[in-house]
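An overview of the molecular structure
Single-letter residue listing:
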Amino acid sequence: MTTLTLGKAMNTGLRKAMENDPKVLVMGEDVGKLGGVFRITDGLQKDFGEERVIDTPLAESGIVGTAIGLALRGYRPVVEIQFDGFVFPAADQIITQLAKMRMRSLGALSLPVVVRIPCGGGIGAVEHHSESPEAYFTHTAGLRVVSCSNPVDAYSMIQQAIASPDPVIFFEPKRRYWDKAEVDTESTDWTPLHAAKVVRPGEHVTVLAYGPSVKTCLEAAAAAAEDGRSVEVIDLRSLNPLDIDTVTASVDRTGRCVVVHEAPVFNGYGAELAARITERCFYRLEAPVLRVGGFSTPYPPSRVEEQYLPDLDRILDAVDRTFAW
Amino acid sequence: MTIDSVRGAPDTPGLAEPELVQLLTPEGERVEHPDYPLDLSAEDVRGLYRDLVITRKLDLEAVALTRQGELGLWASLLGQEAAQIGSARALGEHDMVFPTYREHGVAWCRGVDPLRLLGMFRGVNHGGWDPAEHRFHLYTIVIGSQTLHATGYAMGIQRDGVLGTPSAGATIAYFGDGATSQGDVHESFVFASVFNAPIVFFCQNNQWAISEPLERQSRIPLFKRAQGYGFPGIRVDGNDVFACLAVTRRALENARTGQGPTLVEAFTYRMGAHTTTDDPTRYRLKAEEEAWKLKDPIERVKAYLVRGDLADAAFFEAVDDEAKATAKDLRERCLVLPDPGPLTIFENVYAEDHPLMTEEQERFAAYLASFEEEAS
């Protein structure tokens, strides 16, 4: 066991993947000497060389587009998008090319490309540095979309994503990069990439979260326990595909469900969860599935971002409201 | 004040129409170019002629199939045969092609069954061939996107460490004049340049991006843009199959030996409509088309063969017969192309199992089956 921050766990996972497969490449802006603005690729260029850790021109569409070409030549590129709000210049290559080329080729082509995106708010940043664009990508068939919330998962999930023959959009909760945990870097006995995890068992209400919100939900659950309310927290980990069975097994027991994410609630990922849970657990539900998330506005200036982001109190408020029906 | 957004001031230095590389005049006369010697046997020339004629015939057949409702759409290459055949016959077995959706002549040279090209236009698939089989990537519809894939692929060739060896390949990215305005084409030029990637950017400047003339895309000749990226650019007579062959051959060889990218601008003309749904009479003059007809890429090769006594009437007749037979065969096989079954919608979206695909496919299958039960 090694104590690692989430950022270092990412770094260690990337390093393992590069050691295990010479075809794995890392590419993006400032990923070389600098090690990325969050230092996730720290030291990789020094150890694996400039041919495998590529400082690219400052052009997101170009990064993803050339990563597709490298994948067509047999490489496994891991692309870093510097910040969530910078992925949109690459959206065309991701949505119209990366996601669809396999079907276009009737299955002849696989594109094992991982697009890493540091996401979410809470770091006091300027505009475009705090967004949660996951729903754009979960809406796109052909992509797999995952979101890690802690160092243990960061370490394993990045390696699993790189091993996937399908393109994976990999969200990293940037404000949790400095959270620490014990990580077993010797073991490969990992939870499957697309399985959800019950991270805190409970009886009265199910709270669903992913990425940066998981920690907030765990804190909310601990606070609720003091009031005698038993909250089950599930870390979805994978957004597409969704491990719906783990979710419904929980909601069938608790009869209540709250979904939490930082992205705007309107048309957000929680809407899909609410619809599916309602379909499958209709007769077990004691209350409608409630959603807590960002407002239906652009991400606000950082001085008010704490008001925008779902916090412990707003989550507990929603939990309380599920008992009002 | 009216703003002259169409052209720069006519006396601006460098804006006059530049010379282009030409080895065969429109009249079929062989001319030499100091930088591009080309030694072709009579058999080579007859082979190029055959490619040109068959490609044109197949293209016309596809237009006819569209008129008859057998294809939903077709993007004709009429007029661009020499640019495609010349550049494609310069390719070696290790080179990799990234086409747009109009490179039917290149596909022919790579050995792709023409029937495969019809699938997407008939609507039975979105492409449907294995790019590795003929080293010919899938048609790309979004303008310019493939230039980045080609550049990335070329960066892969670099990383394989094969440049300069006999198994070295280069990539060639096809695109049009309209595509040069796309950000992806710009980014591909940047990436290819700074990484010195083994790639040939082959721009078929057919003068029209649907209804928009070249003037709407650029104030300078397109090949000159290469200079701004730091690699060579060259304009070639796109209706001259010899020149296209010689220029592309050189550019590919440079790429394979580690000398980096080249932009080739094949100056040609789209004689037909953009696609079968387009109507060029709304935006261009018949006189322009007539002027370009005199530069036809096939007639000049025929004139060269006749003048040099390199082919007889029997040869020309045999090529025509072969073209007709190939087109007839294509038509017959097109008409019996099976429609995909409804449940194939869910196939090939992911390489590995995906629960949502399985769930929706099973549910849809049960729904479809319910009608059969009702009927029985």
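Residues numbered from 1 in each chain as written. Chains lettered and ligands numbered in written order. Predicted model: local features only at pLDDT ≥ 70, side-chain atom pairs only at ≥ 80, totals over all residues. Heavy atoms only, no water.

Our working rule: UniProt positions are given in the numbering used here, feature names are shortened, and annotations may be inferred rather than shown by experiment.
The name given to chain B in an unreviewed UniProt entry is Pyruvate dehydrogenase (Acetyl-transferring) E1 component subunit alpha, with the source organism recorded as Actinomadura litoris. Here chain B is described in UniProt, under the heading Cofactor (unreviewed entry), as follows: "thiamine diphosphate".

In the nomenclature of an unreviewed UniProt entry, chain A is known as 3-methyl-2-oxobutanoate dehydrogenase (2-methylpropanoyl-transferring) of Actinomadura litoris. Reading the Cofactor (unreviewed entry) entry of the UniProt record for chain A gives the comment "thiamine diphosphate".

So, the interface of chain B and chain A
Here is the rule: Contacts between residues were defined by any pair of non-hydrogen atoms, one from each residue, lying within 4.5 Å. By buried area we mean how much accessible surface two parts lose on assembly, using a 1.4 Å probe and totalling the loss over both. By salt bridge we mean one thing: a side-chain nitrogen of Lys or Arg within 4 Å of a carboxyl oxygen of Asp or Glu. Runs of H or I in DSSP of at least four residues are treated as helices and runs of E of at least two as strands, each being numbered from the N terminus.
Taken together, the 46 residues of chain B in the interface contact 47 residues of chain A. With both chains or domains summed, chain B and chain A bury close to 3,600 Å², and 59% of this area falls on carbon and sulfur atoms. The three residues of chain B that bury the most area against chain A are Arg159, Asn348 and Tyr350 of chain B, which together make up 18% of that side's buried surface. A salt bridge links Arg276 of chain A to Glu359 of chain B; the shortest N-O distance between them is 3.6 Å. For the side of chain B that touches chain A, the secondary structure elements donating two or more residues are helix H6 (145–160), helix H7 (183–195) and helix H13 (355–375) of chain B. When residues in the side of chain B that touches chain A are grouped by element, the largest group, 11 residues, is from H6 of chain B.

Here's the deal with the environment of Glu219 of chain A
Summarising the element assignment, Glu219 of chain A is placed in helix H8 (residues 213–226). In the structure, Glu219 of chain A is positioned 93 residues away from Leu312 of chain A in sequence and 6.8 Å away in space, judged by C-alpha atoms.

Brief notes about the pairing of strand E4 (residues 76–80) of chain A
All names here are of chain A. Operational definition: Buried residues are those whose accessible area, probed at 1.4 Å on protein chains only, stays under 20% of the maximum for their type, while exposed residues exceed 50% and partly exposed ones sit between those limits. In this analysis, strands are considered paired if DSSP registers two or more bridges between them.
Where burial is concerned, most of E4 is hidden: five out of the five residues are buried. Of the two faces of E4, the one holding Arg76, Val78 and Glu80 and the one holding Pro77 and Val79 are both buried throughout. Direction of pairing for E4 relative to strand E5 (residues 114–119): parallel, over a ladder of three bridges. For Val78, the partnering residue across the bridge sits in E5 and is Val114.

Things to note about the side chain of Glu262 of chain A
All names here are of chain A. So the rule is basically this: Here a polar contact is recorded for every N or O atom pair within 3.5 Å, except that within protein the pair must consist of a potential hydrogen donor and a potential acceptor, and residues adjacent in sequence are included only if both atoms are side-chain atoms.
Looking at where Glu262 falls in the secondary structure, it is placed in strand E13 (residues 257–264). According to the relative accessible area criterion, Glu262 is buried, its value standing at 5%. Here the side chain of Glu262 touches Arg175 through a polar contact of 2.3 Å, side chain to side chain. The contact partners of Glu262, leaving out residues within four places of it in the chain, are Gly120, Gly121, Ser132, Arg175, Pro212, Ser213, Gly293, Gly294, Tyr308, Leu309 and Pro310.

Quick notes on the confidence of the model for chain B
Put simply, the test is: pLDDT is defined as a per-residue confidence score from the predictor, taking values between 0 and 100.
In the predicted model, chain B carries a mean pLDDT of 94, and 95% of its residues have values of at least 70. Of the regions scoring below 50 in pLDDT, residues 1–15 of chain B engages in 10 contacts with residues more than four places distant in sequence or in other chains.

Some thoughts on the packing of aromatic side chains
By convention here, two paired aromatic rings are described through the distance between centres and the angle between planes. The cut-off we apply is this: Two rings from Phe, Tyr or Trp (for Trp, the six-membered ring) form a pair when their centres sit within 6.5 Å of each other. Planes less than 30 degrees apart are called stacked, planes more than 60 degrees apart edge-to-face, and all others tilted. Charges are assigned to positions over rings by a cutoff of 6 Å between ring centre and Lys NZ or Arg CZ, combined with an angular limit of 35 degrees from the ring normal.
This model, assessed by the stated rule, comprises 36 aromatic pairs over all chains. Seen in terms of ring centroids, Phe189 of chain B and Phe231 of chain B are 5.7 Å apart; in terms of plane orientation they differ by 90°. Their pairing is edge-to-face. Of this pair, Phe189 of chain B sits in helix H7 while Phe231 of chain B sits in the loop between helix H8 (225–229) and strand E6 (233–237), placing them 42 residues apart in sequence. For Phe189 of chain B, a relative accessible area of 4% gives the class buried. Ring geometry for Tyr269 of chain B against Trp292 of chain B: centres 5.2 Å apart, planes inclined by 10°, an arrangement best described as stacked. Of the two residues, Tyr269 of chain B is situated in the loop between strand E7 (262–267) and helix H10 (286–293) and Trp292 of chain B in helix H10; the sequence distance between them amounts to 23 residues. Each member of the pair, Tyr269 of chain B as well as Trp292 of chain B, is classed as buried. The aromatic ring of Tyr75 of chain A is capped on one face by Lys23 of chain A, whose charged end is 4.3 Å from the ring centroid. The residue whose ring lies beneath Lys295 of chain B is Trp292 of chain B, and the NZ or CZ to ring-centre distance is 4.3 Å.

Regarding helix H1 (residues 42–67) of chain B
The line we're drawing: Expected span of a helix, by definition, is 1.5 Å for each gap between consecutive residues, and there is one gap fewer than residues.
With 26 residues, H1 of chain B should reach 38 Å at 1.5 Å per residue; the first-to-last C-alpha distance of 38 Å fits that figure. Where H1 of chain B terminates, the next one or two residues include Gly69 of chain B, which has phi positive at roughly 85°.

Looking at unusual backbone geometry
Geometrically, the link from Asn240 of chain A to Pro241 of chain A is a cis peptide bond, its omega value of 5° lying close to zero. For Pro241 of chain A, the position within the fold is in the loop between strand E12 (238–240) and helix H9 (244–254). The residue Leu106 of chain A is not glycine, and still its phi comes out positive at about 55°. For Leu106 of chain A, the position within the fold is in the loop between helix H5 (101–104) and E5. Since its relative accessible area comes to 45%, Leu106 of chain A is described here as partly exposed. Here Asp309 of chain B, not a glycine, exhibits a phi torsion of approximately 55°, which is positive. What makes Asp309 of chain B exposed here is its relative accessible area of 66%.

Focus on the sheet that holds strand E11 (residues 231–235) of chain A
All names here are of chain A. What counts is decided by this rule: Axis lines are fitted through C-alpha atoms, for helices just across the contact stretch, and the angle between N-to-C directions can take any value from 0 to 180 degrees.
The sheet built from five strands is open, its strands ordered E9-E11-E10-E13-E14 with mixed pairing. Sheet topology places strand E9 (197–200) and strand E14 (290–294) at the edges, where each strand pairs with a single neighbour. With direction set aside, neighbouring strand axes in the sheet form an average angle of 30°.

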